[in-house]
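Analysis of the macromolecular model
Listed below, chain by chain, are the residues.
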Amino acid sequence: MSANTNTVLDFTRADFPEGFEFGVATSAYQIEGASFGGAGLSHWDTFAATPGNVAGAENGSVACDHYHRWAEDFDLIRDCRLDSYRFSTSWARVIPDGVGAVNQEGLDFYDRLVDGLLARGIKPYACLYHWELPAALADLGGWRNPSIADWFADFTEVVMGRIGDRLQAAATFNEPWCIAWLSHFLGQHAPGLRDIRAAARAMHHVLLAHGRAVQVMRGLKLNSVGVVMNLEYSAPVDETEAAIAAARRNEAIYNRWFLEAVFKKSYPEEALAGLEPHLPTGWADDFDIIAEPVDWLGINYYTRKRIAADPEAAWPSLKEVEGPLPKTAMDWEIYPDGLYHFLSWAAKTYSGELPIYVTENGMASYDRVDLTADAAERVADPDRIAYLNGHLAAVKRAIDDGAPVKGYFIWSLLDNFEWALGYDKRFGLVHVDFESLARTPKQSWHALKAALSSND
Ligand code: FCB
């Protein structure tokens, strides 16, 4: 253990089981530069082009220009001594209209990425969908249209037919809750709807599309197929019955809906109470496809929310209440115990012995570069180092208590386009200057490199 938890990581590889993987995660729209390489428009392009949706009217058209700078970025992963890299493939880049003609240049790009990772000894983890739905499919109702399961199955076939043979693992979706609820009920992400029927349909269709994609990947003989769920600890604001019930409703919608469908062929009662009238006819017949067995489970974890009942509001009649814990630049409370809880709970309740990966965890800060400082101190981010220490301790505790956690991916390699919040919130281990696009490893990158290089 180090004395100073703010500049040094408290662990080495030896603190984790043999073969435990340390990685970093990114996503296509947030880093690539959506305007390059013949990509089609996605609903994030159109959402961002609409006033009021994204802070500072920013968008992902250039982002980190990873499309052209991927080799430099992969060198940074290798030089940090990381084992694995989780990235996503943009549907609109590969099939610009969502269905039909393939943009070969887009497919070639992902092929280059996979080979570029392998050439550096980095294990590739690809996620098929991290939110950039082709705009042409949004025109047809997007996640509200049941045909999306077929469209997504075809996209899966195209991408995995090309790169699946060299992947360490493949995931269908990143964060179904965000795809469905955050985007169709809370209206915060593309397509920006606030409509319970749209949300209910999206919550079902994303699962159906997941199951169809798993079937396609089985047909392609992929044997490490999973899905990535985001889980947020749901704490009642006080001990009243009303707050406890509200927190449970939130938990059912957020944390249990998707896991219960994939692992238990059902939806939680507390969520069905509001959503059932809006689900597509025959929904219960889809569980055999939805629950097509997976090989691993990914969990993204950042924070907890304190929940109160809101009797004035329509179902689910709840609201978030600010919490007392220290917060990140996202205003998210720092709560590592939630990660411990979910790793143990997910294994016990749903995924059993299947490998679990923490597929995202990290924090946003407002980092600045000081070029006069020594290399390791040019971007001081002690809070990120403390955050990683706290959460890695939680992972270790979960493993010690029997949870089958096999890897931990930090969000994110680079500062990037943080969706509706634009470029202001910096999650990277590597700072990006969004004018020059220069990359500068932060103190946390150096601390991680030191931790992963030493074995004692
Ligand atoms: C997750 C997303 C990722 C990033 C982090 C901060 O919900 O998967 O793209 O925005 O949050």
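The numbering scheme is per chain: residues are counted from 1 as the chain's sequence reads. Per-residue local features are limited, in this predicted model, to residues with pLDDT of at least 70; the limit for side-chain atom pairs, both in listing and counting, is 80 or more; totals at the level of whole chains, interfaces and linings are taken over all residues. Excluded from the side-chain calculations are hydrogens and water; all other atoms, namely the structure's heavy atoms, are used.

A few points about the packing of helix 8 (residues 176-184) against helix 10 (residues 241-264)
Comment: axis = line fitted to C-alpha atoms, over the contacting stretch for helices; angle = value between 0 and 180 degrees taken between N-to-C directions. Helix numbers and strand numbers start at the N terminus; a helix is a DSSP run of H or I with at least 4 residues, a strand a run of E with at least 2. Between helix 8 and helix 10, whose axes approach to 10 Å, the crossing angle comes to 135°. Compared by their axis directions, helix 8 and helix 10 come out oblique. Relative to helix 10, helix 8 is oriented so that their crossing is right-handed. Contacts from Pro176, Trp177 and Trp181 of helix 8 reach helix 10 at Ile253, Tyr254 and Phe258. The labels follow the angle: roughly parallel below 35 degrees, roughly antiparallel above 145, roughly perpendicular from 65 to 115, and oblique for the rest. By the definition used in this description, the sense in which the near helix is turned from the far one sets the handedness, with an anticlockwise turn below a right angle giving left-handed and a clockwise turn giving right-handed. By the convention used here, residues are in contact when the closest approach between their heavy atoms is within 4.5 Å.

A word on helix 5 (residues 104-119)
Helix length check: helix 5, at 16 residues, gives a terminal C-alpha distance of 22 Å against a target of 22 Å (1.5 Å per residue), a fit within 8%. Just beyond helix 5, the residue with positive phi is Gly121, at close to 75°. In this scheme, a helix's expected span is set at 1.5 Å multiplied by one less than its residue total.

Focus: the site of the ligand
Think of it this way: one heavy atom of a residue within 4 Å of a molecule or strand is enough to make that residue near it. Within the structure, the ligand sits among Gln30, His130, Trp131, Asn174, Glu175, Tyr302, Glu360, Trp411, Glu418, Trp419 and Phe427. Between Glu175 and the ligand, the recorded distance is 2.5 Å, taken from a side-chain N or O atom to an oxygen atom. One of the side-chain nitrogen or oxygen atoms of Trp419 is found 3.0 Å away from an oxygen atom of the ligand. Put plainly, a pocket is an open set of points on a 1 Å grid over the protein atoms alone with protein on both sides within 12 Å along at least five of seven lines, a cavity is a set where a 1.4 Å probe fits but cannot get out, and a lining residue has an atom within 4 Å of a point. Whether a molecule sits in a cavity or pocket is decided by its atoms, more than half of which must lie within 2 Å of the grid points. Of the pockets mapped on this structure, the ligand occupies the largest pocket. Gly is put with the polar residues, along with every residue not named as nonpolar or charged; the nonpolar set is Ala, Val, Leu, Ile, Met, Phe, Trp, Tyr, Cys and Pro, and the charged set is Asp, Glu, Lys and Arg. In the shell around the ligand, the residues fall into 5 nonpolar, 3 polar and 3 charged. Pairs of N or O atoms are called polar contacts if they sit within 3.5 Å, as long as, within protein, a hydrogen donor faces a hydrogen acceptor (for residues adjacent in sequence, only side-chain-to-side-chain pairs).

Some details on the environment of Gly274
Mapped onto the secondary structure, Gly274 falls in helix 11 (residues 269-275). Owing to a relative accessible area of 10%, Gly274 belongs among the buried residues under this scheme. Residues Gly274 and Ile253 lie 21 residues apart in sequence; the distance between their C-alpha atoms is 9.9 Å. For Gly274, the contacting residues outside a window of four places in its chain are Ile196 and Trp315. Buried means the residue's accessible area, taken with a 1.4 Å probe over protein chains only, is under 20% of the maximum for its type, while exposed means over 50%, and partly exposed covers the values in between.

Comments concerning the confidence of the model for the protein chain
Within a predicted model, pLDDT stands for the predictor's per-residue confidence, ranging from 0 to 100. Per-residue confidence for the protein chain gives a mean pLDDT of 97; residues scoring 70 or more make up 98%. Residue range residues 1-5 is modelled with pLDDT below 50. Its contacts to residues more than four positions away, or to other chains, number 7 contacts.

Let's talk about the environment of Cys178
With respect to the element layout, Cys178 can be found in helix 8. Assessed through its relative accessible area of 6%, Cys178 is described here as buried. Discounting residues that sit within four places of it in the chain, Cys178 has contacts with Trp131, Ser183 and Asn230.

Observations regarding empty space enclosed by the protein
Grid points are joined across faces, edges and corners, and a volume is the space filled by probe spheres set on the points. In the structure shown here, the tally under the stated rule is 4 cavities of 30 Å³ or more. Of the voids in this model, the largest cavity is the one considered here, and its volume is about 80 Å³. What lines the largest cavity is a set of 13 residues, and nearest its centre among them are Tyr29, Ala34, Ser90, Arg93 and Glu132. Secondary structure elements with two or more residues in the lining of the largest cavity: helix 1 (28-31) and helix 4 (91-94). Residues that form the lining of the largest cavity fall into these classes: 5 nonpolar, 4 polar and 4 charged.

Comments concerning the pairing of strand 8 (residues 356-360)
A large share of strand 8 lies buried, amounting to 5 of its 5 residues. Note: strand 6 (residues 296-309) against strand 8, 4 bridges, orientation parallel. Considered in strand 8, the bridge of Ile299 is made with Val358. Strand pairing is assigned whenever DSSP identifies at least 2 bridges connecting the two strands. As defined by bridge partners, strand 8 adjoins strand 9 (residues 405-411) across 3 bridges and the pair is classed as parallel. Along strand 9, the bridge assignment pairs Val358 with Tyr408. Here is how to tell: hold the view so the strands point away, follow the path from the first strand over the helix to the second, and if it runs clockwise the crossover is right-handed. Between strand 8 and its parallel partner strand 9, the chain crosses via helix 14 (residues 382-400), and the hand of that crossover is right-handed.

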